[in-house]
Amino acid sequence: MVITVTPADIQDRDAARDVFWRLRLTQPQISQVWADRGYAGELVDWARDRLSLTLRIVSRPKGTKGFVVLPRRWKVESARSAGACTPAATHATTNASPSTPKHT
């Protein structure tokens, strides 16, 4: 787990670069991260180009109003490498239905 505390005047997406660097150094098997629209834009390209990390943006379903649980928001998926996790854990983390939010 990586925790970063930042001043209130730092946007989360700006602090994300440091978190992603730490993630890559400490958990090189992680290949994908899901985030909300606040992280879209150049951060997606930066993560891909600099860290070989896929940042997938989860959007709100069209036509929704008010609070909506976003599937896969902030879910981190581990790369499937030999011995990285059990088949049951792999199924639970990588084949979850997009309509069923998972709390990890």
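Since the structure is predicted, the reported quantities are computational estimates derived from the model, not experimental observations.

Caption draft 1: Representation of the overall build of the protein. Secondary structure summary: the protein contains three helices and three strands in total. Ordered by position in the sequence, the α and β elements of the protein form the string α-β-α-β-β-α. In the protein, buried positions account for 25% of the 104 residues. If you take every contact in the protein between residues at least 6 apart in sequence, the share linking residues at least 24 apart comes to 43%.

Caption draft 2: Inspection of the confidence of the model for the protein at higher detail. Looking at the protein, the pLDDT average stands at 73 and 65% of residues meet or exceed 70. Here residues 76–104 is modelled with pLDDT under 50, and outside its nearest four sequence neighbours on either side it reaches 35 contacts, counting other chains as well.

Caption draft 3: View of the pairing of strand β1 (residues 30–36). Extensive coverage of β1 is indicated by the burial of six of its seven residues. Alignment of β1 against strand β2 (residues 54–58), held across five bridges, turns out to be parallel. Directly across from W34, in β2, lies its bridge partner R56.

Basis of the calculations
- Residues numbered from 1 in each chain as written.
- Predicted model: local features only at pLDDT ≥ 70, side-chain atom pairs only at ≥ 80, totals over all residues.
- Heavy atoms only, no water.
- Helix = DSSP H or I, 4+ residues; strand = E, 2+ residues; numbered from the N terminus.
- Buried < 20%, exposed > 50% of the residue type's maximum accessible area, 1.4 Å probe, protein only.
- Contact = heavy atoms within 4.5 Å.
- pLDDT = per-residue confidence, 0-100.
- Pairing = 2+ DSSP bridges.

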